[in-house]
Amino acid sequence: MTRTLEPSSTDPFFPEIESVRFAGPDTDDPLAYRYYDADRIVLGRSMRDHLRFAVCYWHSFCWPGDDVFGEGVFARPWHGAGDPLAQAERKLEVAFEFFSKIGAPFYTFHDRDLAPEGASLAEGHENLAHMLDRAEAAMDRTGVGLLWSTANLFGHPRYAAGAATNPDPDVFACAALQVRDALEAAHRLGGANYVLWGGREGYDTLLNTDLARENRQLGRFMNLVVEHKHKIGFEGAILIEPKPMEPTKHQYDFDAAAVHAFLQEHGLENEIRLNIEVNHATLAGHSFQHEIAYAAAHGLLGSLDINRGDPQLGWDTDQFPNSLEEVSLAWYALLQAGGLGSGGFNFDAKLRRQSVEPVDLFHAHVGGVDILARGLLVAAAMIEDGAIAEHVEQRYAAWGGDLGRSILAGDTDLAALADLALDRKLDPKPVSGRQEALENRINRYR
Ligand code: XLS
Ligand code: NI
Ligand code: NI
């Protein structure tokens, strides 16, 4: 299926592929959904409304398949030499053909994914305006919505030392231009959210870095973004995407807890929520489920970037998800928190470099959507059965008694508790946490 079409062609790029349909778990068709039945009701909502999945522009349509050792292998017609704007237009048509055929309700993009950088800031700004007209028309035509947009504040050489945290305030102002434009793009296209991933906001060595100063700069930047959101009346959520490392050694937005502290320090905890990514959670030494549960516990759950890492590789491999266990446990945390609201599942995932054929994009997304649907069914069964929640409730039942309530109500102090322990000759015994039994129970729901 390798193509040699000119960028300006309007022919379908995936002519062999019809729309991907639900065909049930017994089908042999590798390009049919086996579990994702968009209209199926699970816990009172359709699968479509639970998943709200999005295809990302950057990995699936912009990345040429290069790596640090080798050049691009995908050879899409819009890659390589040619008029950048004509290539961007062709890429947009192909992207929307894909979104429609896979049945994606949403997509996501960086400003520079949609429109070429150009030779100057002014040209980049104009290119984006031109491509937004095209994107708006394509969205109207296909009914595909925008889950979120973002600005690429890490690719251009000016951002080598960060964007908002750069030692040069001129770079901060260039970042402001890009974020203003990308945020206004989200507003114009009816985006449900706007995402800020830290890009190069971090450092490699303290020998050249003033960490406290950079934190103040980043706090100021986020406040400017929130002020502008209110000024233009954008109603979507502003989200920060935590990541512990890569490209810098120490990224400031390390994990959900670090971003939570940052938001509190800068008075933004009611303005900005989180976009949690699987592979970033695992790079931080957490599970995806933990990061979702942490965000939910502090009212910060926004949206999810769905992919997976490789436990034997220490970087952001961004593979398509395929672990039923990882996805089911994430869903369980999510359903307990009441779902994602304006968020969704963004496939921030890329093909392996040897998956050079356009059809590989379909295999990747069909599998990703299906594992999400299957994980939803497992988690729904866990919720409906209730045994696990019941166990957790029982475990803490004593906190509903006099002692527990008086501690949490602040009716006692440390010395009084110490006296109570002595007077009552307290001698609590260990109680089984039943981890093995609970893990066995989850395997029943598959
Ligand atoms: C990189 C991030 C990035 C964001 C969008 O690791 O995941 O893709 O999602 O800037
Ligand atoms: Ni991401
Ligand atoms: Ni990532």
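What you see is a predicted model, and the numbers here were worked out from it, not measured in a lab.

**Student:** Even after reading the chapter, I still don't get the coordination of the nickel ion (ligand 2), so can you show me in this structure?
**Tutor:** As a benchmark, a tetrahedral metal site with four donors has ideal angles of 109.5 degrees, while an octahedral site with six donors has ideal angles of 90 or 180 degrees. Distances from the nickel ion (ligand 2) to its protein donors, Glu 241 (OE), Glu 277 (OE), Asp 305 (OD) and Asp 348 (OD), fall within 2.0 to 2.1 Å. Considering all six donor atoms around the nickel ion (ligand 2), the spread of angles at the metal, 80 to 173°, places the coordination shape in the octahedral class. The sequence pattern formed by the donor residues of the nickel ion (ligand 2) is E-x35-E-x27-D-x42-D. Separating the nickel ion (ligand 2) from the nickel ion (ligand 3) is a gap of 3.9 Å, which Glu 277 spans by donating to each of them. Taken together, the residues span a long stretch of sequence, with Glu 241 in strand β8 (residues 237-241) and Glu 277 in strand β10 (residues 272-277) at a distance of 36 residues. Judged by its relative accessible area of 4%, Glu 241 is buried.

**Student:** Is there a simple way to think about the coordination of the nickel ion (ligand 3) in this case?
**Tutor:** At 2.1 to 2.4 Å from the nickel ion (ligand 3) lie its protein donor atoms, namely Glu 277 (OE), His 280 (NE2) and Asp 316 (OD). Expressed as a motif, the donor residue spacing for the nickel ion (ligand 3) is E-x2-H-x35-D. The buried category is assigned to Glu 277, whose relative accessible area is 1%.

**Student:** I tried to follow the nonpolar core on my own but got confused; where do I start?
**Tutor:** For soluble globular proteins, the rule of thumb is that nonpolar side chains tend to be buried together. Membership of the largest hydrophobic core comes to 126 residues, with the highest contact counts inside it found for Phe 53, Tyr 57, Phe 99, Ile 102, Tyr 107, Tyr 194 and Trp 331. With 14 residues, helix α12 (residues 359-385) is the largest single contributor of residues to this core. Those residues within four positions of Trp 331 in sequence are excluded, and the remaining contacts are His 50, Leu 51, Phe 345, Leu 372, Gly 375, Leu 376 and Ala 379.

**Student:** Just to check I follow, could you spell out the environment of Phe 13 for this structure?
**Tutor:** The residue Phe 13 is located in the segment before β1 (41-42) in this model. A sequence separation of 38 residues divides Phe 13 from Leu 51, and the C-alpha atoms of the two residues are 26 Å apart.

**Student:** Would you mind showing me how to read the layout of surface pockets here?
**Tutor:** Using a probe with the size of a water molecule, rolled over the atoms, empty space left in the structure can be pinpointed. If you add up the space inside the largest pocket, you get close to 1500 Å³. Forming the boundary of the largest pocket are 48 residues, of which His 59, Trp 63, Asp 66, Asp 318 and Lys 350 lie nearest the centre. Elements supplying a minimum of two residues to the lining of the largest pocket: α2 (57-62), α3 (84-102), α4 (111-114) and β5 (145-150). Volume-wise, the second largest pocket comes out at about 530 Å³. Along the wall of the second largest pocket there are 18 residues; nearest its centre are Ile 388, Gln 435, Leu 438, Glu 439 and Ile 442.

Parameters and conventions
Residues numbered from 1 in each chain as written. Chains lettered and ligands numbered in written order. Predicted model: local features only at pLDDT ≥ 70, side-chain atom pairs only at ≥ 80, totals over all residues. Heavy atoms only, no water. Donors = N, O, S within 2.8 Å, 3.2 Å for Na, K, Ca; no water. Tetrahedral: all angles 85-135°; square planar, octahedral: opposite > 155°, others 65-115°. Helix = DSSP H or I, 4+ residues; strand = E, 2+ residues; numbered from the N terminus. Buried < 20%, exposed > 50% of the residue type's maximum accessible area, 1.4 Å probe, protein only. Core = buried A, V, L, I, M, F, W, Y, C linked by side-chain atoms within 4.5 Å. Contact = heavy atoms within 4.5 Å. 1 Å grid on protein atoms, 1.4 Å probe; cavity = no way out; pocket = protein on both sides within 12 Å on 5 of 7 lines; lining within 4 Å. Points joined across faces, edges and corners; volume = space filled by probe spheres on them.

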